[in-house]
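Commentary on secondary and tertiary structure
So you can see what is in the structure, the chains are spelled out below.
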Amino acid sequence: MVDVADKLGYFQAITGLEDPDLCTEILQAHGWDLELAVSSFTSSSSDPRDNDAHPSSSGVDGAHNTEFEDDLSHPIVNEDGRAFRPPGIAWKIITLPVSIVSGSLGLASSAIGFGFWVAGGALTYSLGMLGFGSGRGGSESSSSSASVSSAAGEAMEFISLFDRDYGRNPLKPGFVSEGFMDALQRSRSEFKLLFVYLHSPDHPDTPAFCDRTLCNEGVVAFLNENFVTWGGSIRSSEGFKMSNSLKASRFPFSAVVMPAANQRIALLQQVEGPTTPEEMIAILQRVVEDSSTVLVTARVEAEERRTNLRLREEQDAAYRAALEADQARERQRQEEQERIEREAAEAERKRKEEEEAREREEREAVEKDAARVRMRQEKALALGDEPEKGPEVTQVLVRFPNGERKERRFESNTKIQTLYDYVDSLGVLETEEYSLITNFPRTVYGRDKESMSLKDAGLHPQASLFIEIN
């Protein structure tokens, strides 16, 4: 995926805007979708209807080369002296990764060579970097899905309208329901030429051409067998782009193109104006015959590459299998040795752990006994002296589970917490998890009542408590 700086540079080059902050705001508003931002900008800068009419020119049967001009303020004059309007700013997008090279197969092949299909891959990659990726990759990249859906949507809309207007014909060309660049990629992968039809709904010759020529049984059969067929209305964004790119001057208009080297598109033939089915088949037949050598060679080379690749994969698989067998034996030997060493180390570790555990338990027991003694001493000191008998003094008797009995006097406002401290300070119990209770009536003075005084708890002036281990 092209980064932000590259997209910003492309957008400035396409639109001619020099303010980077303004370009950044436009791209951000369109989710950094380059094609969507350019389309939105140019749709408000130019009206396709201004470019709908082109001066008439004859079909391209001879060899000539045309390039898009950078100066858009002057008309371009072709070889026969006729002037035509250069493409508007919207079509500069085509000239960035792609320019059109038209001419006979002889001249085109000098730039294309027998490896033009491989160069076509570079074309697709370059377009993908600009966000014109294949529709099949749209689900993998949310940033390009909008542009892909737009191009494919226009193609499907054209097919729907064509079927509506000419659906009475039993046969129709097999237009692909995808954008132009995806159709070009499809023709490259299928080793076919791309037949392009630009539909002008308002042209008076269009209905007859579609009914009698495009939907002719022979023409349809020849197209479906030898070409990938793409169509677009000049009222749509992509159809209008292609009409400018191919410099369509008369309608009905159709052309035959294929990917070329150096990120170009080779224009092999264009047919302008009314054409009979016989004339169309003859033209297409001649183009197919002229390009058959290139297509066959490309197919053979691709098959050779697949064969060589399959052979290398088989050899690599055999080598990997032998290597894996050797590695498995060595791994088994090492695992056995490691197992023996591991068992010995584990036995030594357990012995050390057991010894350390015994030492730790002994040390913890000593520390626990010492802590218990210190705790008893601290709590005994915290009790203070036993008060003398009096009206505000409570007599408390504590019975232990082993039958031992302890008795002491406390101030009536003493907290139940102090009773627990008194029991702990005696050292009779080995646990701190116990409760003080009375039997008649049975009342539990648990830890939740430690903040109550003896008088408030109903233990004044005297109380007999039992120890209940929790």
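Here the residue numbers are simple positions, counted from 1 along each chain's written sequence. The predicted nature of this model means local features are confined to residues of pLDDT at least 70 and side-chain atom pairs, given and counted, to a pLDDT of 80 or more, with totals for whole chains, interfaces and linings taken over all residues. With hydrogens and water stripped out, all remaining heavy atoms of the structure feed into the side-chain values.

1. Here we look at the overall build of the chain
- Here a strand is any run of E in DSSP of at least two residues, a helix any run of H or I of at least four, and the numbering for each starts at the N terminus. When helices and strands are counted, the chain shows 13 helices and 12 strands.
- In this scheme, a residue with accessible area under 20% of its type's maximum is buried, one over 50% is exposed, and one in between is partly exposed, where area comes from a 1.4 Å probe on protein chains only. When each of the 470 residues of the chain is scored for burial, the buried share is 41%.
- Contacts in the chain between residues far apart in sequence, at least 24 positions, make up 69% of those at least 6 positions apart.
- The protein chains shown are the only cover counted for residues, whose accessible areas, like all others here, come from Shrake-Rupley with a 1.4 Å probe. Carbon together with sulfur atoms contributes 50% to the accessible area of the chain, which is approximately 25,400 Å² in total. It only takes one pair of heavy atoms within 4.5 Å for two residues to be counted as in contact.

2. What about the sheet that holds strand S10 (residues 434–439)?
- On the basis of which strands lie adjacent, the open sheet formed by five strands has the order S9-S8-S12-S10-S11 and mixed pairing. Bordering the open sheet on either side are strand S9 (405–411) and strand S11 (442–445), each of which pairs with just one other strand. This sheet shows a mean twist of 30° between the axes of neighbouring strands, independent of strand direction.
- If DSSP finds at least two bridges between two strands, the strands pair. Examined bridge by bridge, S10 and strand S12 (residues 462–469) share four bridges and lie antiparallel to one another. Paired with Tyr-434 across the two strands is Ile-469, which belongs to S12. Throughout, an axis means a line fitted to C-alpha atoms (over the contacting stretch in the case of helices), and angles, computed between N-to-C directions, take values from 0 to 180 degrees.

3. What about the environment of Gly-153?
- Examined against the element boundaries, Gly-153 turns out to sit in helix H7 (residues 142–166).
- It is 7.5 Å that separates the C-alpha atoms of Gly-153 and Glu-178, two residues lying 25 residues apart in sequence.

4. Side note on the nonpolar core
- Phe-162, Phe-195, Tyr-197 and Phe-227 are the most contacted members of the largest nonpolar core, which totals 28 residues.
- For this core, the element with the most residues is helix H12 (residues 277–383), which contributes six residues. Note on terminology: a nonpolar core comprises buried Ala, Val, Leu, Ile, Met, Phe, Trp, Tyr and Cys residues joined through side-chain atoms within 4.5 Å.

5. Some points on helix H10 (residues 217–226)
- The set of residues buried in H10 consists of Val-219, Val-220, Phe-222 and Leu-223. Burial along H10 is one-sided: seen end-on, the buried residues are contained in an arc of 165°. Away from the buried face of H10 by more than 90 degrees, exposed residues Glu-217 and Glu-225 are located.
- In this structure, the buried side of H10 is in contact with strand S4 (193–199), helix H9 (206–214), strand S5 (227–233) and H12. What the arc covers is the set of directions going from the helix axis to the C-beta atoms.

6. Observations concerning the state of the cysteines
- For the purposes of this analysis, a disulfide is any pair of cysteine sulfur atoms at a distance within 2.5 Å. Under the counting rule described, the total for this entry stands at zero disulfides.
- Cys-215 takes part in no disulfide bond, and the closest cysteine sulfur, belonging to Cys-210, lies 6.6 Å away.

7. Thoughts on the pattern of salt bridges
- Salt bridges are defined as contacts in which a side-chain nitrogen from Lys or Arg sits within 4 Å of a carboxyl oxygen from Asp or Glu. All told, the structure shown has 21 salt bridges when counted by the stated rule.
- Taking the shortest distance from any N to any O, the salt bridge between Glu-330 and Arg-333 comes out at 2.7 Å. Placement of both Glu-330 and Arg-333 in helix H12 is noted, with a separation of three residues, approximately one turn of the helix.
- Through salt bridges with shared partners, a single ionic network connects Glu-178, Arg-186 and Glu-190.

8. Let's talk about the packing of aromatic side chains
- Aromatic rings from Phe, Tyr and Trp, taking only the six-membered ring of Trp, are treated as a pair when their centres fall within 6.5 Å; an angle between ring planes under 30 degrees marks them as stacked, one over 60 as edge-to-face, and anything in between as tilted. Within this structure, the stated rule accounts for 11 aromatic pairs.
- Between the aromatic rings of Phe-162 and Tyr-166, the centroid separation amounts to 5.0 Å while the plane-to-plane angle is 50°, which identifies the pairing as tilted. In this pair, Phe-162 and Tyr-166 both sit in helix H7, four residues apart, roughly one turn of the helix.
- Exposure remark for Phe-162: the relative accessible area of 2% places this residue in the buried category.
- Arranged with centres 5.5 Å apart and planes meeting at 80°, the rings of Phe-180 and Trp-230 form a pair that is edge-to-face. Remark: Trp-230 occurs in strand S5 and Phe-180 occurs in helix H8 (residues 180–190); sequence separation between them is 50 residues.
- Look at Phe-180 and you get buried, because its relative accessible area is 2%.
- Relative accessible area serves as the criterion here: at 2%, Trp-230 is assigned to the buried category.
- Put simply, the rings of Phe-158, Phe-162, Tyr-166, Phe-175, Tyr-197 and Phe-209 touch in pairs and so form one group of aromatic residues.

9. Some thoughts on the confidence of the model for the chain
- The predictor attaches a confidence to each residue, and that confidence, scored 0 to 100, is pLDDT. In this model, the chain carries an average pLDDT of 77, and 76% of its residues clear a pLDDT of 70 or more.
- Taken as a whole, residues 45–144 scores under 50 in pLDDT and shows 189 contacts with residues more than four places along the chain or in a different chain.

10. Looking at unusual backbone geometry
- For the bond running from Phe-440 to Pro-441, omega is -10°, close enough to zero to count as cis.
- Take Pro-441: it is sitting in the loop between S10 and S11.
- Look at the link from His-460 to Pro-461: it is a cis peptide, with omega at 15°.
- Within the fold, Pro-461 resides in the loop between S11 and S12.
- Backbone geometry at Phe-191 places phi at a positive 55°, although glycine is not the residue there.
- One can find Phe-191 in the loop between H8 and S4.
- Residues other than glycine seldom take positive phi values, yet Lys-247 does so here, at roughly 55°.
- The class of Lys-247 is buried, set by a relative accessible area of 18%.

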